[in-house]
Amino acid sequence: MAPRLQLEKAAWRWVDTVKPEDIRREHIELSYRVNLAACRRGTCRRNCKGNPNCLVGIGEQAWLGDIDENAFHNIDDPNSERPRQVWFHNLELRRSLYLWQSPRAQDHNIHLDYEPESICEHLQYLFALLQNSNRRYIDPSGLVKALGLDTGQQQDAQEFSKLFLSLLEDTLSKQKSTTLQNMIQRQFCGQFSYVTVCNQCGRASPLPSRFYELELNIQGHKNLAECITEFLKEEKLEGDNRYFCETCQNKQCATRRIKLHNLPRTLNLQLMRFVFDSAYSGHYIAHVKDARTSDWYKFNDEEIEKMEGKKLQLGIEEDIAETVKSQTRKPKCSKGYHCSRNAYMLVYKAQEEQDTEPTATNVDVPAILQRLVDQDNHKFEEWCAEMADMRKQSVDKGKAKHEEVKELYELLPVQEGQPYEFVPLEWLKRWLDDSTATKEIDNSQFLCSHGKLHPDKVGEAKRVSTVAAQTLYQRYGGGPWLDGSSLCRECVSQRCRVLRLKHQLNEDYREVSNLVKRTLSSEEGYWVGKSSLRSWRQLALEQLEEDEQQTMHGSGQTNGQAHTAAITRVGLTLQQ
């Protein structure tokens, strides 16, 4: 379809040969473009606003053909919220934490009105939810609040791990049970010594120390074994760094190294990445091996994915930032190894002899915590039922709208000889946009001073069949109705007169321009100001357009009268 301006010019081309008093119905219909060919689907990339018969590209694409019912709502299937049974990876930690008893139990009947308050209480409840909740993921906001963390501030994973274990150790040390008192040390604490050996006398001076994690430098190393080798390598103490030997009683050259005595059951390795891509910072993804099933899972916020087959790749770049393309080649791994350029923390669990007892991999949730979990599950099931009902309502509403659109859209085009109505284009778009509420039809904005459809507004309306219009008005209401009798003869006549006068003004301008070039005798002609001679045509056009705008907004003055007044004012200027 031709551009809008071309269609508008074509609609009024007939005024060159037709006087206002000779206007017939066919000229009025040409002005309102009612006989333009309707566009077919696939021929227009977007709707032709200059063609009131173009009903393509107004939003109908989303409704025609088969539609997936998921398009009718933005509510996830509640059944997808069911959890994958991922047992918390450190069973002994969870088992020991369940033995912790709240001091509040001595003050009142904790079984009746218990709600988590302290850090340990929230951690117990969080573990119980992770174990037996019906939810796919758990909201840890209770524990975060108890810890006093600012969720708007980025937390370093390594620092948080250290502080959290220290806080947990301090809390558990106040318990009567020695098992609980020593649980953090037993699980996470290892021992090593800084051993310094004098080169002169050979005296070894060990300095014992405890550790909860080993900090490994990874720069220049290809694998973890090289990092650990560097961590344990011997250091030479020479020059200003010489060691004061107690035996020799003076400073001597010496060697110093770290000697590991025993490793904890859970070994934390902190990889010291001094250079870290800022695009990856602030977001951590955990890969955990289920102690019960030996399956690997990826934890990415609320997204939990079982990793098997080709998906069993730990710490790849895509896990950290799927939208960021790696600028370097992916590392090559030998069979049986995992490689990563972004791994930040590694946690290893000591292997123990196979235990056939079910208690080795099963941890029972205490009754008081299970009661809280049951309450949360009940709320969750109610929420699932509510979401399922809302989802069904949205789907039913969408299907009804789908049927309505398919039925009415086929009725919208006007067949030859059929009666028709004009409906706002924007209203049709909102009707086809299911995300907005459909209001009543409002044609008042299209009315001219004569109470009919203004010809300048036809580009903002669409011509539809009366059958379709009646259905739309019955369902959504509104008005006024604008049918074939609403084409305004008065407005078309005024526009015809204005366009003809503009054409005549151009003819007069050419004639005057030729006349002023003639050589006149001293006794004939008139004196006219140069500025008036140069600008009379522009002044007349501006006055004509100003009066035309006033007429468009309902003034009682006709366009013919406006033109006469404009010429009169210009004539007065010429005489001056």
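Structure: see above.
Throughout what follows, the structure given in this document is the object of discussion. The structure displayed is predicted, hence computed values, not measured ones.

**With respect to the packing of helix 12 (residues 367–411) against helix 14 (residues 466–476)**
Here comes step 1: Helix 14 packs onto helix 12 with a crossing angle of 140° between their chain directions and a minimal axis gap of 8 Å. One finds that helix 12 runs oblique with respect to helix 14. In this structure, helix 12 meets helix 14 at a crossing whose hand is left-handed. From helix 12, Glu404, Glu407, Leu408 and Leu411 reach across to helix 14, where they touch Val467, Ala468, Thr471, Leu472, Arg475 and Tyr476.
Here comes step 2: Looking at the contact of helix 12 with helix 14 residue by residue, the class counts come to 6 nonpolar, 1 polar and 3 charged.

**What to know about helix 5 (residues 119–132)**
Here comes step 1: A rise of 1.5 Å per residue sets the reference length of helix 5, with its 14 residues, at 20 Å; its end C-alpha atoms lie 20 Å apart and thus fit the reference within 8%.
Here comes step 2: A large share of helix 5 lies buried, amounting to 12 of its 14 residues.
Here comes step 3: Buried within helix 5 are the following residues: Ile119, Cys120, Glu121, His122, Leu123, Gln124, Tyr125, Leu126, Phe127, Ala128, Leu129 and Gln131.
Here comes step 4: For helix 5, the secondary structure elements touched by its buried residues are helix 3 (91–98), helix 6 (141–147), helix 7 (157–172) and helix 12.

**Some points on the packing of aromatic side chains**
Here comes step 1: Scanning the model with the defined rule gives 9 aromatic pairs in all.
Here comes step 2: With a centroid separation of 5.3 Å and an interplanar angle of 85°, the aromatic rings of Phe192 and Tyr194 are classed as edge-to-face.
Here comes step 3: The exposure class of Tyr194 is partly exposed, given its relative accessible area of 34%.
Here comes step 4: Connected via pairs of aromatic rings, a cluster forms that spans Phe192, Tyr194 and Phe211.
Here comes step 5: A cation over an aromatic ring shows up here: Arg463 above the ring of Tyr420, its NZ or CZ 4.5 Å from the ring centre.

**Brief notes about a nonpolar patch on the surface**
Here comes step 1: A contiguous nonpolar surface patch, about 430 Å² in accessible area, is contributed by Val516, Tyr526, Val528 and Leu533.
Here comes step 2: One can find Val528 in the loop between helix 15 (489–515) and helix 16 (530–552).

**Remarks on the sheet that holds strand 3 (residues 214–217)**
Here comes step 1: With mixed pairing, 3 strands are arranged side by side in an open sheet as 3-8-12. Only two strands of the sheet have a single neighbouring strand rather than two, namely strand 3 and strand 12 (345–349). Geometrically, the sheet is characterised by an average inter-axis angle of 25° between neighbouring strands, direction not taken into account.
Here comes step 2: Each of strand 3, strand 8 (266–272) and strand 12 is contacted by helix 7, which is oriented at about 145° to strand 8, the strand it contacts most.

**With respect to unusual backbone geometry**
Here comes step 1: The linkage connecting Gly479 with the following residue, Pro480, adopts the cis geometry, with an omega of -10°.
Here comes step 2: Here Pro480 shows up in the loop between strand 16 (478–479) and helix 15.
Here comes step 3: Phi is positive for Arg33, close to 55°, though the residue is something other than glycine.
Here comes step 4: Looking at the element boundaries, Arg33 is found in the loop between helix 2 (25–31) and helix 3.
Here comes step 5: Given a relative accessible area of 7%, Arg33 falls into the buried group.
Here comes step 6: Backbone geometry places Gln249, a non-glycine residue, at a positive phi of 60°.
Here comes step 7: Structurally, the position occupied by Gln249 is in the loop between strand 5 (243–245) and strand 6 (250–252).

**Here we look at the environment of Leu214**
Here comes step 1: By secondary structure assignment, the location of Leu214 is in strand 3.
Here comes step 2: Remark: the alpha-carbon pair of Leu214 and Leu271, spanning 57 residues in sequence, is separated by 8.5 Å.
Here comes step 3: For Leu214, the residues in contact, after removing those within four places along its chain, are Phe192, Phe231, Leu267, Asn268, Leu269 and Gln270.

**A closer look at the sheet that holds strand 10 (residues 296–300)**
Here comes step 1: Overall, antiparallel pairing links the 3 strands, which are arranged 9-10-11 in an open sheet. The open sheet has two free edges, formed respectively by strand 9 (286–289) and strand 11 (303–307), since each of these has just one partner strand. In this sheet, neighbouring strand axes are inclined to one another by 25° on average, regardless of whether the strands run parallel or antiparallel.
Here comes step 2: Across 4 bridges, the pairing between strand 9 and strand 10 is antiparallel. In the strand pairing of strand 10, Ala286 is matched with Phe299.

**Brief notes about the pairing of strand 2 (residues 204–211)**
Taken residue by residue, a regular strand's side chains alternate between the two faces of the sheet.
Here comes step 1: In this structure, strand 1 (residues 190–198) lies alongside strand 2, joined through 8 bridges in antiparallel fashion. Paired with Ser193 across the two strands is Pro208, which belongs to strand 2.
Here comes step 2: The turn joining strand 1 and strand 2, which pair antiparallel and follow one another in sequence, is formed by 5 residues; a positive phi near 80° is taken by Gly202.

**Remarks on the pattern of salt bridges**
Pairing is possible between side chains of opposite charge, provided their charged atoms come close.
Here comes step 1: Overall, the coordinates contain 17 salt bridges when judged by the stated rule.
Here comes step 2: With a shortest N-O distance of 3.9 Å, Glu426 and Lys429 are connected by a salt bridge. Of this pair, Glu426 and Lys429 both sit in helix 13 (residues 425–432), separated by 3 residues, roughly a single helical turn.

The rules behind these values
Residues numbered from 1 in each chain as written. Predicted model: local features only at pLDDT ≥ 70, side-chain atom pairs only at ≥ 80, totals over all residues. Heavy atoms only, no water. Axes fitted to C-alpha atoms, helices over the stretch in contact; angles between N-to-C directions. Helix = DSSP H or I, 4+ residues; strand = E, 2+ residues; numbered from the N terminus. Parallel < 35°, antiparallel > 145°, perpendicular 65-115°, else oblique. Left-handed = near helix turned anticlockwise from the far one by under 90°. Contact = heavy atoms within 4.5 Å. Nonpolar A, V, L, I, M, F, W, Y, C, P; charged D, E, K, R; others polar. Expected span 1.5 Å × (residues − 1). Buried < 20%, exposed > 50% of the residue type's maximum accessible area, 1.4 Å probe, protein only. Phe/Tyr/Trp six-rings, centres within 6.5 Å; stacked < 30°, edge-to-face > 60°. Lys NZ or Arg CZ within 6 Å of the ring centre and 35° of its normal. Patch = residues over 30% accessible without salt bridge, like charges linked within 9 Å, V, L, I, M, F, W, Y side chains within 5 Å. Areas by Shrake-Rupley, 256 points an atom, 1.4 Å probe, with all protein chains shown as cover. Salt bridge = Lys/Arg side-chain N within 4 Å of Asp/Glu carboxyl O. Pairing = 2+ DSSP bridges.

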